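Residue-level structural notes
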Number of protein chains: 2
Amino acid sequence: MSGGVEWALHCCVVLTGMTEPVPAARLAEFHDVSPTYLAKQLQALSRAGLVRSVQGQAGGYVLTRAAEEISVLDVVEAVDGRAPAFVCTEIRQRGPFAATPEACRTPCGITKVMIEADRAWRESLRATSIADLAGTVARDVGAETLPRAQAWIAQRD
Amino acid sequence: MSGGVEWALHCCVVLTGMTEPVPAARLAEFHDVSPTYLAKQLQALSRAGLVRSVQGQAGGYVLTRAAEEISVLDVVEAVDGRAPAFVCTEIRQRGPFAATPEACRTPCGITKVMIEADRAWRESLRATSIADLAGTVARDVGAETLPRAQAWIAQRD
DNA sequence: TTGACTCGGACATGGGTTGTCCGGGTACGT
DNA sequence: ACGTACCCGGACAACCCATGTCCGAGTCAA
Ligand code: SF4
Ligand code: SF4
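Residues numbered from 1 in each chain as written. Chains lettered and ligands numbered in written order. Predicted model: local features only at pLDDT ≥ 70, side-chain atom pairs only at ≥ 80, totals over all residues. Heavy atoms only, no water.

An unreviewed UniProt entry annotates chain A as Rrf2 family transcriptional regulator of Pseudonocardia sulfidoxydans NBRC 16205.

Next comes the structure, spelled out in C-alpha coordinates:
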(Lines give C-alpha, C1' and ligand atoms only; values in the text may rest on other atoms or scores of the structure.)
(Ligands and ions follow the chains in the order given, each with its own letter.)
Protein backbone atom coordinates (compact mmCIF):
# COMPACT_ATOMS: atom_id res chain seq x y z
CA MET A 1 0.00 0.00 0.00
CA SER A 2 1.12 3.51 -0.74
CA GLY A 3 2.64 5.35 2.21
CA GLY A 4 0.88 8.56 1.24
CA VAL A 5 -2.38 7.10 2.52
CA GLU A 6 -1.24 7.77 6.06
CA TRP A 7 -0.56 11.43 5.25
CA ALA A 8 -3.95 11.84 3.60
CA LEU A 9 -5.76 10.31 6.57
CA HIS A 10 -3.98 12.57 9.02
CA CYS A 11 -4.88 15.59 6.89
CA CYS A 12 -8.53 14.59 6.79
CA VAL A 13 -8.58 14.21 10.57
CA VAL A 14 -7.15 17.66 11.20
CA LEU A 15 -9.49 19.13 8.59
CA THR A 16 -12.41 17.92 10.70
CA GLY A 17 -14.44 20.91 11.81
CA MET A 18 -12.25 23.36 9.92
CA THR A 19 -14.39 26.12 8.47
CA GLU A 20 -11.67 28.13 6.71
CA PRO A 21 -9.65 26.69 3.78
CA VAL A 22 -6.24 25.31 4.76
CA PRO A 23 -3.29 25.50 2.32
CA ALA A 24 -1.36 22.35 1.58
CA ALA A 25 1.89 24.02 2.66
CA ARG A 26 0.57 24.53 6.18
CA LEU A 27 -0.56 20.93 6.49
CA ALA A 28 2.88 19.86 5.34
CA GLU A 29 4.54 22.12 7.91
CA PHE A 30 2.31 20.72 10.62
CA HIS A 31 3.23 17.13 9.78
CA ASP A 32 6.82 17.95 8.82
CA VAL A 33 6.64 16.20 5.46
CA SER A 34 7.50 17.11 1.88
CA PRO A 35 5.09 19.91 0.87
CA THR A 36 5.12 19.07 -2.82
CA TYR A 37 4.45 15.40 -2.33
CA LEU A 38 1.65 16.04 0.14
CA ALA A 39 0.15 18.35 -2.47
CA LYS A 40 -0.05 15.42 -4.82
CA GLN A 41 -2.08 13.39 -2.32
CA LEU A 42 -4.43 16.30 -1.73
CA GLN A 43 -4.91 16.62 -5.45
CA ALA A 44 -5.97 12.98 -5.50
CA LEU A 45 -8.47 13.69 -2.73
CA SER A 46 -9.74 16.64 -4.70
CA ARG A 47 -10.18 14.53 -7.83
CA ALA A 48 -12.15 11.99 -5.80
CA GLY A 49 -14.44 14.75 -4.56
CA LEU A 50 -13.61 14.34 -0.87
CA VAL A 51 -12.20 17.85 -0.51
CA ARG A 52 -12.90 21.07 -2.35
CA SER A 53 -10.03 23.31 -3.37
CA VAL A 54 -10.38 27.09 -3.39
CA GLN A 55 -7.72 29.05 -5.20
CA GLY A 56 -6.24 32.48 -4.86
CA GLN A 57 -5.12 34.22 -1.72
CA ALA A 58 -6.54 32.74 1.48
CA GLY A 59 -7.23 29.57 -0.47
CA GLY A 60 -6.70 25.94 0.47
CA TYR A 61 -8.67 22.76 1.03
CA VAL A 62 -11.93 22.10 2.83
CA LEU A 63 -13.92 18.92 3.34
CA THR A 64 -16.90 18.68 1.02
CA ARG A 65 -19.13 16.88 3.55
CA ALA A 66 -19.35 16.02 7.21
CA ALA A 67 -16.58 13.85 8.64
CA GLU A 68 -19.19 11.24 9.57
CA GLU A 69 -19.94 10.78 5.88
CA ILE A 70 -16.32 10.13 4.86
CA SER A 71 -15.06 6.60 5.39
CA VAL A 72 -11.47 5.47 5.59
CA LEU A 73 -12.09 3.44 2.46
CA ASP A 74 -12.91 6.61 0.55
CA VAL A 75 -9.51 8.07 1.37
CA VAL A 76 -7.64 4.86 0.62
CA GLU A 77 -9.33 4.45 -2.74
CA ALA A 78 -8.78 8.09 -3.61
CA VAL A 79 -5.02 7.83 -3.05
CA ASP A 80 -4.21 4.24 -3.98
CA GLY A 81 -6.82 3.77 -6.68
CA ARG A 82 -9.86 1.55 -6.87
CA ALA A 83 -8.11 -1.36 -8.63
CA PRO A 84 -8.04 -4.67 -6.72
CA ALA A 85 -4.70 -5.92 -5.48
CA PHE A 86 -4.89 -9.23 -7.32
CA VAL A 87 -5.01 -9.23 -11.11
CA CYS A 88 -5.37 -12.46 -13.08
CA THR A 89 -2.89 -13.15 -15.88
CA GLU A 90 -5.09 -15.86 -17.42
CA ILE A 91 -2.27 -18.37 -17.48
CA ARG A 92 -4.82 -21.15 -17.75
CA GLN A 93 -5.16 -20.11 -21.40
CA ARG A 94 -1.48 -20.88 -22.01
CA GLY A 95 0.60 -24.01 -22.27
CA PRO A 96 -0.21 -27.45 -23.68
CA PHE A 97 -3.42 -27.79 -21.63
CA ALA A 98 -4.71 -24.31 -22.41
CA ALA A 99 -8.36 -23.81 -21.62
CA THR A 100 -10.65 -22.48 -24.29
CA PRO A 101 -11.48 -18.76 -24.02
CA GLU A 102 -15.22 -19.46 -23.76
CA ALA A 103 -14.54 -21.61 -20.69
CA CYS A 104 -12.94 -18.57 -19.03
CA ARG A 105 -16.03 -16.39 -19.13
CA THR A 106 -16.70 -16.82 -15.44
CA PRO A 107 -13.87 -16.08 -12.96
CA CYS A 108 -12.15 -19.20 -11.66
CA GLY A 109 -11.96 -20.29 -8.03
CA ILE A 110 -8.70 -18.52 -7.33
CA THR A 111 -10.02 -15.22 -8.59
CA LYS A 112 -13.24 -15.65 -6.61
CA VAL A 113 -11.30 -16.13 -3.38
CA MET A 114 -9.18 -13.07 -4.06
CA ILE A 115 -12.19 -10.92 -4.92
CA GLU A 116 -13.98 -12.05 -1.78
CA ALA A 117 -10.95 -11.26 0.39
CA ASP A 118 -10.63 -7.86 -1.25
CA ARG A 119 -14.32 -7.20 -0.57
CA ALA A 120 -13.90 -8.11 3.11
CA TRP A 121 -10.90 -5.77 3.38
CA ARG A 122 -12.79 -2.87 1.85
CA GLU A 123 -15.86 -3.55 3.96
CA SER A 124 -13.77 -3.39 7.09
CA LEU A 125 -12.29 -0.08 5.99
CA ARG A 126 -15.71 1.29 5.14
CA ALA A 127 -16.98 0.65 8.66
CA THR A 128 -14.89 3.45 10.15
CA SER A 129 -15.36 7.13 9.37
CA ILE A 130 -13.04 10.09 9.73
CA ALA A 131 -15.16 11.32 12.61
CA ASP A 132 -14.53 8.03 14.44
CA LEU A 133 -10.80 8.54 13.99
CA ALA A 134 -11.04 12.04 15.41
CA GLY A 135 -12.86 10.58 18.39
CA THR A 136 -10.13 8.04 19.04
CA VAL A 137 -7.38 10.64 18.97
CA ALA A 138 -9.45 12.67 21.46
CA ARG A 139 -9.57 9.64 23.74
CA ASP A 140 -5.89 8.79 23.24
CA VAL A 141 -4.13 12.11 23.62
CA GLY A 142 -6.82 14.20 25.29
CA ALA A 143 -9.86 16.05 24.02
CA GLU A 144 -8.19 19.46 24.00
CA THR A 145 -5.27 18.45 21.75
CA LEU A 146 -7.11 18.46 18.42
CA PRO A 147 -8.74 21.89 18.85
CA ARG A 148 -5.41 23.42 19.83
CA ALA A 149 -3.73 21.92 16.80
CA GLN A 150 -6.51 23.21 14.58
CA ALA A 151 -6.11 26.67 16.10
CA TRP A 152 -2.40 26.60 15.32
CA ILE A 153 -3.16 25.60 11.74
CA ALA A 154 -5.84 28.26 11.32
CA GLN A 155 -3.64 31.21 12.25
CA ARG A 156 -1.89 32.82 9.30
CA ASP A 157 1.59 34.17 9.72
CA MET B 1 0.28 -7.95 -4.58
CA SER B 2 2.98 -9.95 -6.27
CA GLY B 3 1.97 -11.58 -9.51
CA GLY B 4 3.91 -14.73 -8.67
CA VAL B 5 1.20 -15.65 -6.17
CA GLU B 6 -1.01 -16.76 -9.03
CA TRP B 7 1.69 -19.05 -10.35
CA ALA B 8 2.31 -20.57 -6.95
CA LEU B 9 -1.39 -21.23 -6.41
CA HIS B 10 -1.72 -22.93 -9.78
CA CYS B 11 1.30 -25.09 -8.99
CA CYS B 12 -0.15 -26.12 -5.64
CA VAL B 13 -3.42 -27.09 -7.30
CA VAL B 14 -1.78 -29.31 -9.89
CA LEU B 15 0.45 -30.81 -7.19
CA THR B 16 -2.70 -32.04 -5.42
CA GLY B 17 -2.64 -35.82 -5.26
CA MET B 18 0.77 -36.02 -6.92
CA THR B 19 2.77 -38.85 -5.39
CA GLU B 20 5.99 -38.48 -7.40
CA PRO B 21 8.19 -35.35 -7.19
CA VAL B 22 7.64 -32.85 -9.99
CA PRO B 23 10.54 -30.69 -11.27
CA ALA B 24 10.05 -26.96 -11.50
CA ALA B 25 10.94 -26.98 -15.18
CA ARG B 26 7.97 -29.22 -15.97
CA LEU B 27 5.56 -27.03 -14.04
CA ALA B 28 6.91 -24.05 -15.95
CA GLU B 29 6.44 -25.84 -19.27
CA PHE B 30 2.89 -26.76 -18.30
CA HIS B 31 1.99 -23.15 -17.49
CA ASP B 32 4.18 -21.66 -20.22
CA VAL B 33 5.98 -19.26 -17.90
CA SER B 34 9.59 -18.39 -17.15
CA PRO B 35 11.17 -21.51 -15.59
CA THR B 36 13.76 -19.62 -13.57
CA TYR B 37 11.28 -17.19 -12.06
CA LEU B 38 8.83 -19.93 -11.20
CA ALA B 39 11.71 -21.69 -9.46
CA LYS B 40 12.06 -18.67 -7.22
CA GLN B 41 8.44 -18.90 -6.11
CA LEU B 42 8.78 -22.62 -5.42
CA GLN B 43 11.84 -21.89 -3.34
CA ALA B 44 9.72 -19.52 -1.27
CA LEU B 45 7.14 -22.26 -0.81
CA SER B 46 9.91 -24.61 0.24
CA ARG B 47 11.26 -22.11 2.77
CA ALA B 48 7.75 -21.77 4.22
CA GLY B 49 7.52 -25.55 4.60
CA LEU B 50 4.56 -26.01 2.28
CA VAL B 51 6.46 -28.20 -0.18
CA ARG B 52 9.41 -30.51 0.25
CA SER B 53 12.17 -30.51 -2.34
CA VAL B 54 14.05 -33.67 -3.27
CA GLN B 55 17.24 -33.26 -5.23
CA GLY B 56 19.13 -35.31 -7.74
CA GLN B 57 17.75 -37.26 -10.64
CA ALA B 58 14.00 -37.87 -10.50
CA GLY B 59 13.79 -35.03 -8.01
CA GLY B 60 11.35 -32.18 -7.73
CA TYR B 61 8.69 -30.81 -5.38
CA VAL B 62 5.98 -32.54 -3.37
CA LEU B 63 3.37 -31.18 -0.99
CA THR B 64 4.31 -31.76 2.64
CA ARG B 65 0.73 -32.26 3.83
CA ALA B 66 -2.76 -32.90 2.51
CA ALA B 67 -4.26 -30.23 0.26
CA GLU B 68 -7.10 -29.80 2.77
CA GLU B 69 -4.53 -28.61 5.32
CA ILE B 70 -3.04 -25.91 3.07
CA SER B 71 -4.93 -22.64 2.93
CA VAL B 72 -4.67 -19.97 0.28
CA LEU B 73 -3.34 -17.65 2.96
CA ASP B 74 -0.38 -19.99 3.52
CA VAL B 75 0.64 -19.67 -0.12
CA VAL B 76 0.13 -15.92 -0.24
CA GLU B 77 2.17 -15.37 2.90
CA ALA B 78 4.90 -17.70 1.69
CA VAL B 79 5.35 -15.75 -1.55
CA ASP B 80 4.49 -12.18 -0.60
CA GLY B 81 5.72 -12.26 2.98
CA ARG B 82 3.91 -11.99 6.26
CA ALA B 83 4.33 -8.23 6.65
CA PRO B 84 1.11 -6.18 6.75
CA ALA B 85 0.40 -3.87 3.83
CA PHE B 86 0.14 -0.73 5.97
CA VAL B 87 3.19 0.42 7.88
CA CYS B 88 3.04 3.43 10.17
CA THR B 89 5.67 6.15 9.74
CA GLU B 90 4.93 7.68 13.14
CA ILE B 91 4.47 11.15 11.68
CA ARG B 92 2.58 12.14 14.81
CA GLN B 93 5.98 12.32 16.49
CA ARG B 94 7.11 15.02 14.06
CA GLY B 95 6.28 18.66 13.53
CA PRO B 96 5.45 21.45 15.99
CA PHE B 97 2.73 19.41 17.71
CA ALA B 98 4.78 16.22 17.99
CA ALA B 99 3.35 13.69 20.41
CA THR B 100 5.60 12.34 23.12
CA PRO B 101 7.02 8.87 22.45
CA GLU B 102 5.42 7.44 25.58
CA ALA B 103 2.02 8.52 24.28
CA CYS B 104 2.67 6.36 21.18
CA ARG B 105 2.99 3.07 23.02
CA THR B 106 -0.42 1.90 21.95
CA PRO B 107 -1.29 1.96 18.22
CA CYS B 108 -3.46 4.90 17.20
CA GLY B 109 -6.91 4.69 15.64
CA ILE B 110 -5.67 4.71 12.07
CA THR B 111 -3.33 1.81 12.69
CA LYS B 112 -6.06 -0.12 14.48
CA VAL B 113 -8.38 0.20 11.50
CA MET B 114 -5.68 -0.92 9.13
CA ILE B 115 -4.73 -3.90 11.26
CA GLU B 116 -8.36 -4.93 11.57
CA ALA B 117 -8.87 -4.71 7.80
CA ASP B 118 -5.71 -6.71 7.23
CA ARG B 119 -6.95 -9.34 9.67
CA ALA B 120 -10.29 -9.60 7.85
CA TRP B 121 -8.47 -10.01 4.54
CA ARG B 122 -6.26 -12.79 5.86
CA GLU B 123 -9.20 -14.52 7.56
CA SER B 124 -11.07 -14.57 4.27
CA LEU B 125 -8.06 -16.10 2.55
CA ARG B 126 -7.62 -18.66 5.29
CA ALA B 127 -11.17 -19.93 4.83
CA THR B 128 -10.37 -21.60 1.50
CA SER B 129 -7.97 -24.50 1.06
CA ILE B 130 -6.10 -25.80 -1.96
CA ALA B 131 -8.41 -28.81 -2.01
CA ASP B 132 -11.39 -26.46 -2.33
CA LEU B 133 -9.74 -24.82 -5.32
CA ALA B 134 -9.16 -28.19 -6.94
CA GLY B 135 -12.85 -28.92 -6.43
CA THR B 136 -13.90 -25.73 -8.15
CA VAL B 137 -11.75 -26.39 -11.20
CA ALA B 138 -13.34 -29.84 -11.36
CA ARG B 139 -16.76 -28.23 -11.40
CA ASP B 140 -15.76 -25.53 -13.87
CA VAL B 141 -13.88 -27.40 -16.58
CA GLY B 142 -14.91 -30.99 -15.84
CA ALA B 143 -13.79 -33.59 -13.33
CA GLU B 144 -11.52 -35.45 -15.78
CA THR B 145 -9.40 -32.45 -16.75
CA LEU B 146 -7.22 -32.28 -13.66
CA PRO B 147 -6.28 -36.02 -13.64
CA ARG B 148 -5.35 -35.85 -17.31
CA ALA B 149 -3.19 -32.81 -16.74
CA GLN B 150 -1.51 -34.52 -13.82
CA ALA B 151 -0.85 -37.57 -15.97
CA TRP B 152 0.77 -35.36 -18.59
CA ILE B 153 2.96 -33.80 -15.92
CA ALA B 154 3.93 -37.13 -14.39
CA GLN B 155 5.31 -38.66 -17.59
CA ARG B 156 9.01 -38.08 -18.11
CA ASP B 157 10.34 -37.51 -21.61
C1' DT C 1 32.79 -43.94 -9.84
C1' DT C 2 30.51 -41.57 -13.16
C1' DG C 3 27.20 -38.73 -14.67
C1' DA C 4 23.47 -35.90 -15.13
C1' DC C 5 19.87 -33.75 -13.18
C1' DT C 6 17.91 -31.04 -9.44
C1' DC C 7 17.54 -27.18 -6.18
C1' DG C 8 19.53 -22.90 -3.90
C1' DG C 9 21.01 -18.47 -3.47
C1' DA C 10 23.59 -14.57 -5.76
C1' DC C 11 23.37 -11.31 -9.89
C1' DA C 12 21.16 -7.73 -13.66
C1' DT C 13 17.02 -5.24 -15.39
C1' DG C 14 12.48 -2.59 -15.59
C1' DG C 15 8.31 -0.43 -13.94
C1' DG C 16 6.23 2.01 -10.20
C1' DT C 17 6.13 4.72 -6.28
C1' DT C 18 8.36 8.66 -4.27
C1' DG C 19 9.78 13.20 -4.70
C1' DT C 20 10.23 17.71 -7.29
C1' DC C 21 9.38 21.51 -10.40
C1' DC C 22 7.15 25.35 -12.88
C1' DG C 23 2.94 27.29 -15.31
C1' DG C 24 -2.25 28.60 -15.14
C1' DG C 25 -5.59 30.70 -12.42
C1' DT C 26 -7.97 33.07 -8.74
C1' DA C 27 -9.00 36.26 -5.14
C1' DC C 28 -7.43 40.01 -2.52
C1' DG C 29 -5.45 44.81 -1.87
C1' DT C 30 -4.72 49.33 -3.98
C1' DA D 1 -9.63 48.44 -12.99
C1' DC D 2 -4.95 47.00 -12.24
C1' DG D 3 -1.16 44.75 -9.99
C1' DT D 4 0.29 41.35 -7.14
C1' DA D 5 0.87 37.59 -4.36
C1' DC D 6 -0.67 33.37 -3.37
C1' DC D 7 -2.50 28.67 -4.27
C1' DC D 8 -3.62 24.66 -7.02
C1' DG D 9 -2.84 21.49 -11.07
C1' DG D 10 -0.57 18.52 -13.97
C1' DA D 11 3.96 17.49 -16.22
C1' DC D 12 8.94 16.10 -15.14
C1' DA D 13 13.10 13.24 -12.86
C1' DA D 14 15.21 9.95 -9.09
C1' DC D 15 15.12 6.11 -6.23
C1' DC D 16 13.64 1.50 -4.91
C1' DC D 17 11.62 -2.84 -5.01
C1' DA D 18 9.52 -6.55 -7.86
C1' DT D 19 10.67 -9.02 -11.89
C1' DG D 20 13.59 -11.85 -14.46
C1' DT D 21 18.06 -14.37 -15.11
C1' DC D 22 22.26 -16.90 -14.25
C1' DC D 23 25.60 -20.32 -12.57
C1' DG D 24 27.48 -23.24 -8.71
C1' DA D 25 26.63 -26.83 -4.71
C1' DG D 26 24.37 -30.94 -3.67
C1' DT D 27 22.13 -35.37 -4.50
C1' DC D 28 20.22 -39.40 -6.33
C1' DA D 29 20.22 -43.02 -9.98
C1' DA D 30 22.72 -45.74 -12.86
S1 SF4 E 1 -7.46 -20.14 -13.60
FE2 SF4 E 1 -8.01 -18.33 -12.29
S3 SF4 E 1 -6.07 -17.57 -11.42
FE4 SF4 E 1 -5.52 -18.98 -13.12
S5 SF4 E 1 -5.28 -17.63 -14.89
FE6 SF4 E 1 -7.44 -18.30 -14.94
S7 SF4 E 1 -8.61 -16.76 -13.78
FE8 SF4 E 1 -6.39 -16.40 -13.29
S1 SF4 F 1 -1.06 8.66 14.64
FE2 SF4 F 1 -1.35 6.51 13.86
S3 SF4 F 1 -1.13 6.62 11.59
FE4 SF4 F 1 -0.32 8.57 12.44
S5 SF4 F 1 1.90 8.19 12.64
FE6 SF4 F 1 0.99 7.65 14.66
S7 SF4 F 1 0.51 5.41 14.54
FE8 SF4 F 1 0.91 6.13 12.39
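Still more ground to cover, so stick around.
**Quick notes on the protein's contact with DNA strand C**
Contacts to DNA strand C come from 22 residues, most closely from A:Ser2, A:Ser34, A:Tyr37, B:Gln43 and B:Ser53. Put simply, 65% of the atoms of DNA strand C that lie within 4 Å of the protein are in sugar or phosphate. One nitrogen or oxygen atom from the side chain of B:Ser53 is found 2.8 Å from a phosphate oxygen belonging to DNA strand C. Breaking the surface near DNA strand C down by element, the ones donating at least two residues are helix H3 (35-48) of chain A together with helix H3 (35-48) and strand S2 (60-63) of chain B. The leading source of residues in the surface near DNA strand C is H3(B), at four residues. Classifying every residue of the surface near DNA strand C by side-chain character gives four nonpolar, 14 polar and four charged. (Near = heavy atom within 4 Å. Polar contact = N/O pair within 3.5 Å; in protein donor to acceptor, adjacent residues only side chain to side chain. Helix = DSSP H or I, 4+ residues; strand = E, 2+ residues; numbered from the N terminus. Nonpolar A, V, L, I, M, F, W, Y, C, P; charged D, E, K, R; others polar.)

**Overview of helix H7 (residues 145-154) of chain B**
Residue pairs three or four apart in sequence face the same way in an α-helix, which turns once every 3.6 residues. All names here are of chain B. Buried within H7 we find Leu146, Ala149, Gln150, Trp152 and Ile153. Burial along H7 is one-sided: seen end-on, the buried residues are contained in an arc of 155°. Where the residues of H7 are buried, they touch helix H1 (4-14), helix H2 (24-31) and helix H6 (130-141). (Buried < 20%, exposed > 50% of the residue type's maximum accessible area, 1.4 Å probe, protein only. Arc of directions from axis to C-beta. Contact = heavy atoms within 4.5 Å.)

**Thoughts on the site of ligand 1**
Near ligand 1 you find A:Cys88, A:Glu90, A:Ile91, A:Arg92, A:Cys108, A:Ile110, A:Thr111, B:Glu6 and B:His10, and these make up its full shell. At the level of secondary structure, the elements contributing two or more residues to the shell around ligand 1 comprise helix H5 (109-126) of chain A together with H1 of chain B. When grouped by side-chain class, the residues that make up the shell around ligand 1 number four nonpolar, two polar and three charged.

**Some words on the relation of the copies chain B and chain A**
Overlaying chain B on chain A yields an RMSD of 0.0 Å, the required transformation being a rotation through 180° with an accompanying axial translation of 0.0 Å. Expressed as an axis order, the relation between the two copies is that of a two-fold axis. When each C-alpha of chain B is compared by its distance to the rotation axis, B:Trp121 comes out closest, at 2.5 Å. When the interface residues of chain B are mapped onto chain A, 100% of them again lie at the interface, so the same face is used by both copies. (Least-squares fit on C-alpha atoms with pLDDT ≥ 70 in both.)

**Section: the nonpolar core**
In terms of nonpolar packing, the biggest core is built from 95 residues, with A:Leu9, A:Leu45, A:Ile130, B:Leu9, B:Leu45, B:Val75 and B:Ile130 touching the most fellow members. Dropping the residues within four chain positions of it, A:Leu9 is found in contact with A:Val72, A:Val75, A:Ile130, A:Leu133, B:Ile110 and B:Met114. (Core = buried A, V, L, I, M, F, W, Y, C linked by side-chain atoms within 4.5 Å.)

**Regarding the site of ligand 2**
Around ligand 2 sit A:Glu6, A:His10, B:Cys88, B:Glu90, B:Ile91, B:Arg92, B:Cys108, B:Ile110 and B:Thr111, and those are all the residues in its vicinity. In this structure, ligand 2 is bordered by residues of chains A and B. Judged by its atoms lying within 2 Å of the grid points, ligand 2 is housed in the largest cavity. Of all the elements in the fold, those that place two or more residues in the shell around ligand 2 are helix H1 (4-14) of chain A together with helix H5 (109-126) of chain B. In terms of residue class, the shell around ligand 2 is built from four nonpolar, two polar and three charged. (1 Å grid on protein atoms, 1.4 Å probe; cavity = no way out; pocket = protein on both sides within 12 Å on 5 of 7 lines; lining within 4 Å. Sits in = over half its atoms within 2 Å of the grid points.)

**Points about empty space enclosed by the protein**
For the structure on display, the rule yields one cavity of 30 Å³ or more. Computed from the structure, the largest cavity encloses a volume of approximately 60 Å³. A:Glu6, A:His10, B:Phe86, B:Cys88, B:Glu90, B:Ile91, B:Arg92, B:Cys108, B:Ile110 and B:Thr111 together form the lining of the largest cavity. Contributions of two or more residues to the lining of the largest cavity are made by H1 of chain A together with H5 of chain B. Residue composition of the lining of the largest cavity, grouped by class: five nonpolar, two polar and three charged. (Points joined across faces, edges and corners; volume = space filled by probe spheres on them.)

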